[in-house]
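# Structure assessment
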Amino acid sequence: MTDEEYMGLCLELAHQAAAAGEVPVGAVVVREGEVIGTGYNQPIGEADPTAHAEIVAIRDAAKKMGNYRLPDAELFVTLEPCVMCAGAVIQSRLRRVTFACSDPKAGFVGSLGDVSADPRLNHRFAVRSGLRADEARALLVEFFRDRRG
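First, a word on what this report is: a plain description of the structure on this page. (Residues numbered from 1 in each chain as written. Predicted model: local features only at pLDDT ≥ 70, side-chain atom pairs only at ≥ 80, totals over all residues. Heavy atoms only, no water.)

## Considerations on the side chain of Thr78
Rules: Helix numbering and strand numbering both begin at the N terminus, where a helix is a DSSP run of H or I of at least 4 residues and a strand a DSSP run of E of at least 2. We call two residues in contact whenever any of their non-hydrogen atoms come within 4.5 Å of each other.
With respect to the secondary-structure elements, Thr78 resides in strand β3 (residues 73-79). Non-local contacts of Thr78, meaning those with residues more than four positions away in its chain, are made with Met7, Cys10, Leu11, Ala14, Pro24, Val25, Gly26, Ala100, Cys101 and Ala136.

Structure (structure tokens):
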């Protein structure tokens with residue numbers, strides 16, 4: 001699969017989140033060209049504030065790999081990770097994060113702050129943004145417009 005296709009899978013997962021009444025964010029973890037983890041936002045349905053798409057996908061990947069460290073893997077996600085999710089990327093040692101659209105209200109790999117290259121931390125990761133951003137942004141805008149009536 002290409003990076004565009006991985007993000008397409010993330011967008012499909014984001015649609016699942018929206019269908020469940022969750023903020024439409026989807027994520028996949030990829031290692032050596034294989035999807036090893038998937039997730040979409042589920043904090044409402046799971047009554048779990050940590051059940052963001054990124055966390056769900058990282059947990060899925062770690063379980064499948066039998067290791068909490070994923071140094072050869074990368075995360076694709078439809079929205080810029082928040083500080084919690086960026087912290088999970090650091091803890092799992094992912095090598096790269098590719099996100100679709102920025103999150104000026106909560107994003108922490110470029111918008112409000114950036115932990116991806118902070119020299120005070122014990123792990124740094126590459127960041128790429130903008131892949132299929134218009135599609136991801138449109139999904140979020142539509143979701144919140146419908147919710148606010």
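## Quick notes on the side chain of Ser116
We apply this condition: Three exposure classes are used, based on accessible area relative to the maximum for each residue type with a 1.4 Å probe and protein chains only: buried under 20%, partly exposed in between, and exposed over 50%. Any pair of nitrogen or oxygen atoms within 3.5 Å is treated as a polar contact; in protein, a donor-acceptor pairing is required on top of that, and neighbouring residues in sequence qualify only through side-chain atoms on both sides.
By the element assignment, Ser116 lies in the loop between β4 (96-101) and β5 (126-129). Under the relative-accessibility criterion, Ser116 is labelled buried at 5%. Polar side-chain contacts of Ser116 include one of 2.5 Å to the side chain of Asp114. Discounting residues that sit within four places of it in the chain, Ser116 has contacts with Val109, Arg124, Phe125 and Val127.

## Quick notes on the layout of surface pockets
Which entries qualify depends on this criterion: A cavity here means a set of 1 Å grid points, computed over protein atoms only, where a 1.4 Å probe fits but cannot escape. A pocket is an open set with protein on both sides within 12 Å along at least 5 of 7 lines, and lining residues have an atom within 4 Å of a point. Grid points are joined across faces, edges and corners, and a volume is the space filled by probe spheres set on the points. For this classification, the nonpolar set comprises Ala, Val, Leu, Ile, Met, Phe, Trp, Tyr, Cys and Pro, the charged set comprises Asp, Glu, Lys and Arg, and every other residue, Gly included, is treated as polar.
By volume, the largest pocket amounts to about 510 Å³. Forming the boundary of the largest pocket are 21 residues, of which Val23, Leu79, Asp103, Leu140 and Phe144 lie nearest the centre. Here the lining of the largest pocket gets five residues from one element, more than from any other, and that element is helix α5 (residues 133-148). Its residues assigned to classes, the lining of the largest pocket comprises 11 nonpolar, four polar and six charged.

## Looking at the nonpolar core
The line we're drawing: Here, nonpolar core refers to any group of buried Ala, Val, Leu, Ile, Met, Phe, Trp, Tyr and Cys residues whose side-chain atoms link them within 4.5 Å.
In terms of nonpolar packing, the biggest core is built from 40 residues, with Val29, Leu75, Phe76 and Leu94 touching the most fellow members. Sorting the residues of this core by element identifies α1 (3-19), β1 (26-31), α3 (53-65), β3, α4 (83-92), β4 and α5 as the ones contributing at least two each.

## Thoughts on the pairing of β4
Successive residues of a regular strand alternate their side chains across the two faces of the sheet. Keep this limit in mind: At least two DSSP bridges between two strands are required for those strands to pair. Orienting the strands away from the viewer, one traces the path from the first strand over the helix to the second; a clockwise path indicates a right-handed crossover.
With respect to burial, β4 is a largely interior element, six of its six residues being buried. Here β3 runs beside β4; their pairing, made up of five bridges, is parallel. Paired with Phe76 across the two strands is Thr98, which belongs to β4. At this point the chain moves from β3, through α4, to the parallel β4, and the crossover so formed is right-handed. Pairing of β4 with β5, which is carried by four bridges, proceeds in the parallel orientation. If you follow Thr98 over to β5, its bridge partner there is Arg128.

## Brief notes about the state of the cysteines
As a reminder, the rule being used: To count as a disulfide, a pair of cysteine sulfur atoms needs to be within 2.5 Å.
Tallied over the entire structure, the rule returns zero disulfides. Cysteine Cys85 shares no disulfide, and the gap to the nearest cysteine sulfur, in Cys82, comes to 3.8 Å. For Cys85, a relative accessible area of 0% corresponds to the buried category. No disulfide involves Cys101; its sulfur sits 12 Å from that of Cys10, the nearest cysteine. Judged by its relative accessible area of 2%, Cys101 is buried.

Take it as geometry only, folks, not as evidence of what the structure does.
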